Amino acid sequence: MLLLTNKFISKIMASSSSAMVCLAMAYLLVASFGSSNAQLTTNFYSNSCPNLFSTVKAVVQSAINKEARMGASLLRLFFHDCFVNGCDGSILLDDTSSFTGEKTAVPNNGSVRGFEVIDQIKSAVENVCPSMVSCADILAITARDSVVIVSKI
Ligand SMILES: *[C@@H]1O[C@H](CO)[C@@H](O)[C@H](O)[C@H]1NC(C)=O
């Protein structure tokens, strides 16, 4: 199991896809805290990334300003990420010659959209807090902000 896991992580780390690296980071984070008795909190990033929420919200707001439908698309992207082993950011993984992921699975291919907005958010977040925030958390925060912003249109 451990060997399999390490092989999986090496494979991901060798990939050039930032989504793959992000998933691996999220996995390592979960693996290192998995056995603790950690509770979910809304202020998890308040010290490590105090500008996280404002950074995400600014990009989501800008994307929805350009196209109101994007709000619904980002919520749906998060929803579809939650299929297959939970809301872990795995929908962001690009297929490779040896890997077929969720992005091109029948319910998602050409239908789930907004990946470029998530890429913009990830870049913005990496600028303010490098290697700190998981892609899974970015998807969750983005979905929340989308709902709030669209509800005010
Ligand atoms: C996904 O959609 C593209 C474009 O329609 C198609 O070329 C590709 O074969 C599809 N991939 C899968 C796995 O269905």
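Placed above this text is the structure.
The structure reproduced in this document is the subject of the present report. Note on numbering: residues in each chain are counted from 1, in written sequence order. A pLDDT threshold of at least 70 governs which residues receive local features in this predicted model, and a stricter bar of 80 or more applies before side-chain atom pairs are shown or counted, although totals over entire chains, interfaces and linings include all residues. Hydrogen atoms and water are omitted, and side-chain values are computed over all heavy atoms in the structure.

**Considering the pattern of salt bridges**
For side chains of opposite charge, pairing can occur when their charged atoms come near one another. Under the convention used in this document: Just to be clear on terms, a salt bridge is a Lys or Arg side-chain nitrogen sitting within 4 Å of an Asp or Glu carboxyl oxygen. Helix numbers and strand numbers start at the N terminus; a helix is a DSSP run of H or I with at least 4 residues, a strand a run of E with at least 2. Whether a residue is buried, partly exposed or exposed follows from its accessible area with a 1.4 Å probe, protein chains only, as a fraction of its type maximum: under 20%, in between, or over 50%, in that order.
According to the stated counting rule, one finds four salt bridges in the structure shown. Here E126 ties to K122 by a salt bridge, and the two come within 2.8 Å at their closest N and O atoms. Within this pair, E126 and its partner K122 are both found in helix 5 (residues 115-128), separated by four residues, close to a single helical turn. Residue R144 is joined to D145 by a salt bridge in which the shortest nitrogen-to-oxygen separation is 3.3 Å. Given a relative accessible area of 43%, R144 falls into the partly exposed group. Accessibility expressed as a relative area gives 4% for D145, which makes it buried.

**Section: a nonpolar patch on the surface**
Formally: The patch calculation keeps residues exceeding 30% relative accessible area without a salt bridge and links them within 9 Å when they carry like charges or within 5 Å when they are nonpolar (Val, Leu, Ile, Met, Phe, Trp, Tyr). Surface exposure here means Shrake-Rupley accessible area, sampled with a 1.4 Å probe, where a residue is shielded only by the protein chains that are shown.
On the surface, F79, F83 and V84 cluster together into a nonpolar patch covering about 320 Å² of accessible area. Positionally, F83 belongs in the loop between helix 4 (69-81) and helix 5.

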